[in-house]
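Residue-level structure breakdown
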Amino acid sequence: METMSNSIRVQRTSQSRLKEIDFSNLAFGQHIADHMIVAEYADGKWGEASVLPYGEMTMSPAILSLHYGQAIFEGMKAYKTSSGVITIFRLKRHHERMNRSLERMCMPPIPYNLFEQSLTTLIDVDRDWIPTSEGASLYIRPVVFASEARLGVKVSDQYKFVIMTSPVGPYYSKPLRVKVEETYVRAAEGGAGFAKCAGNYGVSFYPTQMARKEGFDQVLWTDAKEHKYIDEAGTMNVMFVIDGKLVTPRLTTAILDGITRDSILTLAKEMDIVVEERKVSVEELIETHKQGSLTEAFGAGTAAIVAPIATINIHGKDYTLPPTSEGSIQARVKKKLTNMRLGLEKDNHEWNFTLR
Ligand code: COI
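Residues numbered from 1 in each chain as written. Predicted model: local features only at pLDDT ≥ 70, side-chain atom pairs only at ≥ 80, totals over all residues. Heavy atoms only, no water.

What to know about the UniProt feature "modified residue: N6-(pyridoxal phosphate)lysine" (unreviewed entry) in the protein chain
Under the convention used in this document: UniProt positions are given in the numbering used here, feature names are shortened, and annotations may be inferred rather than shown by experiment. The secondary structure listing takes helices from DSSP runs of H or I that are at least 4 residues long and strands from runs of E that are at least 2 residues long, numbered from the N terminus. Whether two residues are in contact is decided by their heavy atoms, any of which lying within 4.5 Å being enough.
The UniProt record annotates "modified residue: N6-(pyridoxal phosphate)lysine" (unreviewed entry) at K196. Structurally, K196 is set in the loop between β11 (176-180) and α4 (198-213). Apart from residues no more than four positions distant in its own chain, K196 is found in contact with I72, F73, E74, G75, R97, S101, Y201 and L256.

Written as structure tokens, this is what we have:
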């Protein structure tokens, strides 16, 4: 059946897969909901978006994104609040970041109305896919990629904008063992590390696989020049508690401008936690661990939310942190963020975009 919502054509699937999903056991990204948004860019403008049944798309193997990497994405979440209202977390901020990524990759910006209408229509159509169990949400994955079929090295003149959603549980199920990476580099200053482009993830795979073989869950990336300062963790930003202060690497062009990072820093300041955004050196982690003033480390990201770090391996030596307690800074900020998203606490910043 085909209907119109705003200016968006909605073609519903005749075979919903919803009943096949075990909502009590949601591995991250395993199930993709029934529908997707598709819009196309050609002749210098974005066309109208459609909601289509989620499924395969036919494309030429010559599309430029496959060869030259013009592909960016976002990661967002939708929740059902305690009163049953559907919200999307920080929609505007994600739209802004997406357009910054697009600009860096010479790709056309997505107009705000196209973004908002596409998202709200899709979430409304697949509203029954939003899980309500503790720690679960509907993960939203907008992606834009060059779709012009041409082998010459050039900026594409055609693009596709697709949004998929996936009911998800926690990304990491246990405290992490991470390794400070001192050989490989995720991004250098002046590169595209701040953008959510596909290549940033592709280059991370090889060193991360090597670290996995050594028994680590993730790597902590360091600066490309000296491997002296902590950047981020690839799947999330990283934060430390040193001397009771919440400390995180200040943003550079090599670090993703994480929206969970920003949310946590904002909430922490309001909770009278001292926040420092500054360079964090590998040596400082060793020293403060020795003194006992490094008491917490955790990742912060849309998928990861707040992911405790149990062990940091530096120069081949394990530095273990105390187990996370309810009174820890990471547990307190996570609770505040979760409660606000679920409507259990006031949303002072209007971060929850409510579906009408
Ligand atoms: C996100 O947190 O949304 C990301 O894109 C990171 C990825 C590990 C899923």
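With respect to the site of the ligand
What counts, and what does not: Residues are counted as near a molecule or strand when any one of their heavy atoms sits within 4 Å of it. For this analysis, a polar contact is any N or O atom pair within 3.5 Å, provided that within protein one partner can donate a hydrogen and the other can accept it, and provided that sequence-adjacent residues contribute only side-chain to side-chain pairs. Only Asp, Glu, Lys and Arg are considered charged, only Ala, Val, Leu, Ile, Met, Phe, Trp, Tyr, Cys and Pro nonpolar, and every remaining residue, Gly among them, polar. The source of the domain bounds is an automatic or database domain assignment.
Around the ligand, the neighbouring residues are F73, G75, Y139, R141, Y171, K196, T235, T302 and A303. One of the side-chain N or O atoms of Y139 is found 2.5 Å from an oxygen atom in the ligand. One of the side-chain N or O atoms of K196 is found 2.7 Å from an oxygen atom in the ligand. In terms of residue class, the shell around the ligand is made up of 4 nonpolar, 3 polar and 2 charged. Each of domain 1 (2-168) and domain 2 (176-341) contributes no fewer than three residues to the shell around the ligand.

Comments concerning the nonpolar core
Selection rule: By nonpolar core is meant a set of buried Ala, Val, Leu, Ile, Met, Phe, Trp, Tyr and Cys residues that side-chain atoms within 4.5 Å join together. Throughout this description, buried means an accessible area under 20% of the type-specific maximum (1.4 Å probe, protein chains only), exposed means over 50%, and partly exposed covers the range between.
Residues W46, I88, I110, I123, V144 and F161 are the most contacted members of the largest nonpolar core, which totals 44 residues. Going through the elements one at a time, β2 (8-11), β3 (35-42), β7 (76-80), β8 (86-89), α2 (91-104), α3 (112-125), β9 (137-146) and β10 (159-168) are the ones with two or more residues in this core. Among the elements that make up this core, the one with the highest residue count is α3 (6 residues). Two domains each donate at least three residues to this core, and these are domain 1 (2-168) and domain 2 (176-341). I230, M236, V280 and V282 belong to the second-largest nonpolar core, a separate cluster that totals 25 residues.

Thoughts on the packing of helix α5 (residues 259-270) against helix α7 (residues 329-341)
Rules: Each axis is a line fitted through C-alpha atoms, and for a helix only the stretch in contact is used; angles between axes span 0 to 180 degrees, taken between their N-to-C directions. Angular relationships are summarised with four words: roughly parallel below 35 degrees, roughly antiparallel beyond 145, roughly perpendicular across 65 to 115, and oblique for the angles in between.
The contact between α5 and α7 brings their axes to 10 Å, and the two run at 105 degrees. With respect to their mutual orientation, α5 and α7 come out roughly perpendicular. Across from T260, S263, I264, L267 and A268 in α5, the residues of α7 making contact are V333, K336, L337 and R341. Of the residues belonging to the contact of α5 with α7, the class tally is 5 nonpolar, 2 polar and 2 charged.

Thoughts on the side chain of E296
Stated formally: Residues scored as positive are Lys and Arg, those scored as negative are Asp and Glu, and His as well as the terminal groups of each chain are ignored. Within this document, salt bridges are pairs made up of a side-chain nitrogen of Lys or Arg and a carboxyl oxygen of Asp or Glu, the two lying within 4 Å of each other.
By secondary structure assignment, the location of E296 is in strand β16 (residues 294-301). For the buried E296, which has no salt bridge, the nearest side chain bearing the opposite charge is R332, at an N-O separation of 7.2 Å. In terms of polar contacts, E296 uses its side chain to reach the backbone amide nitrogen of Q330, at 3.0 Å. Filtering out sequence-adjacent residues up to four positions away, E296 remains in contact with M239, F240, V241, L321, S328, I329 and Q330.

Some details on α3
Operational definition: In this scheme, a helix's expected span is set at 1.5 Å multiplied by one less than its residue total.
When the terminal C-alpha atoms of α3 are compared, their 20 Å separation across 14 residues agrees well with the 20 Å that a helix rising 1.5 Å per residue should span. In terms of residue burial, α3 counts as a mostly covered element, since 10 of its 14 residues are buried. Among all positions in α3, only L114, F115, E116, S118, L119, T120, T121, L122, I123 and V125 are buried.

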